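Coordinate inspection notes
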Amino acid sequence: NSLSNDDIWKLEAGFGPIARFSQVLELAKECKELQMAVHLKGGNQTAPFVQKLVEVLKDEKDLFPRILIFDLKPEIGKIFRRALPGINLAASVSHDYDIARFRDVTKGTLLSIESVLELKQIFNWVWMDEWDRSTLHEGSKDLYSPAEVERLRRKGFKIAMISPGLHAADGHEDGQSVKAI
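Bear in mind that the values here come from a model prediction, so they are computed numbers and not experimental data.

**Section: the overall build of the chain**
Helix and strand counts for the chain come out as seven helices and six strands. When the helices and strands of the chain are read in sequence order from the N terminus, they spell out α-α-β-α-β-α-β-α-β-α-β-α-β. Looking at the 181 residues of the chain, the share that counts as buried comes to 40%. When contacts within the chain are restricted to residue pairs at least 6 apart in sequence, those whose partners lie at least 24 apart make up 61%. Accessible area of the chain: about 10,800 Å², with a carbon and sulfur share of 55%.

**Examining the pairing of strand S2 (residues 67-70)**
Neither face of S2 is open: one carries Ile67 and Ile69, the other Leu68 and Phe70, and all of them are buried. Across four bridges, the pairing between strand S1 (residues 36-39) and S2 is parallel. What sits directly across from His39, in S2, is Phe70. After leaving S1, the chain enters helix H3 (residues 47-57) and then returns to the sheet as S2, a path that is right-handed. As judged from the three bridges shared by S2 and strand S3 (residues 88-93), these two strands associate in the parallel manner. Paired with Ile69 across the bridge in S3 is Leu89. Handedness of the crossover is the feature at issue here: the chain leaves S2, passes through helix H4 (residues 74-83), returns alongside S3, and the resulting connection is right-handed.

**Describing a nonpolar patch on the surface**
A contiguous nonpolar patch, built from Leu3, Leu11, Phe15 and Ile18 and spanning about 410 Å² of accessible area, is present on the exposed surface. Mapped onto the elements of the fold, Ile18 is located in the loop between helix H1 (5-15) and helix H2 (21-30). Among the residues examined, Ile18 registers a relative accessible area of 33% and is labelled partly exposed.

**A few points about the side chain of Ser112**
Mapping Ser112 onto the fold places it in the loop between strand S4 (110-111) and helix H6 (113-117). Residue contacts for Ser112: discarding those within four places in its chain leaves Val93, Ser94, Asp96 and Ile99.

**Some details on unusual backbone geometry**
Its identity is not glycine, yet Asp71 carries a phi of approximately 75°, on the positive side. On the secondary structure map, Asp71 appears in the loop between S2 and H4. For Lys107, which is not a glycine, the phi torsion comes out positive at approximately 60°. Judged by its relative accessible area of 47%, Lys107 falls in the partly exposed class.

**Here's the deal with the packing of H3 against H4**
Where H3 contacts H4, the axes come no closer than 11 Å and their chain directions differ by 25°. As far as their axial angle goes, H4 and H3 are roughly parallel. Every pair of crossing elements has a handedness; the one defined by H3 and H4 is right-handed. Between H3 and H4, the contacting residues are Val50, Leu53 and Val54 on the first element and Ile76, Ile79, Phe80 and Ala83 on the second.

**Regarding H3**
For H3, every residue scored as buried is listed here: Val50, Leu53, Val54 and Leu57. Projected down its long axis, H3 carries its buried residues within an arc of 100°, all on one side. Seen from the open side of H3, the exposed residues pointing more than 90 degrees away from its buried face are Pro48 and Lys52. Tucked inside the fold, the buried residues of H3 contact H2, S2 and H4.

Rules used in this analysis
- Residues numbered from 1 in each chain as written.
- Predicted model: local features only at pLDDT ≥ 70, side-chain atom pairs only at ≥ 80, totals over all residues.
- Heavy atoms only, no water.
- Helix = DSSP H or I, 4+ residues; strand = E, 2+ residues; numbered from the N terminus.
- Buried < 20%, exposed > 50% of the residue type's maximum accessible area, 1.4 Å probe, protein only.
- Contact = heavy atoms within 4.5 Å.
- Areas by Shrake-Rupley, 256 points an atom, 1.4 Å probe, with all protein chains shown as cover.
- Pairing = 2+ DSSP bridges.
- Right-handed = clockwise from strand over helix to strand, strands pointing away.
- Patch = residues over 30% accessible without salt bridge, like charges linked within 9 Å, V, L, I, M, F, W, Y side chains within 5 Å.
- Salt bridge = Lys/Arg side-chain N within 4 Å of Asp/Glu carboxyl O.
- Axes fitted to C-alpha atoms, helices over the stretch in contact; angles between N-to-C directions.
- Parallel < 35°, antiparallel > 145°, perpendicular 65-115°, else oblique.
- Left-handed = near helix turned anticlockwise from the far one by under 90°.
- Arc of directions from axis to C-beta.

Written as structure tokens, this is what we have:
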């Protein structure tokens, strides 16, 4: 869901200023080492919102190598690829079980590795996110295997892996201690 201006003003009143996207872009211009990951939530992947984002970014070509827009549905990735050639785009890659479990929550942004391998013309990155190791039938799954990472690299993808520690509160077994991470 999107925040209204009133929501933002209330947040700022309680916690201080929130940077606007234009301010973040200006900071990126000043700090040449800054990399930006822009999470475009599934609920915001509408034609009007995407067009606004394209309009904001189209004149920032110098920043494209340092911007990664992730969690994209393929049809939205196509829009960005056509409108902003050279920008980094990532699909969110998950295990089939997580794709089924979290489809409604993520609004359909999770893709399998097999699906992403067929979408190389759109995506040059993968955003690997594993919520836990549980499966439907009390087994164990492992998205972050060296074999899967190597498979993606051989096909030319760059990889962003989300630390299991971010999902520790959700029960990810590998996020329970620094040693496990």
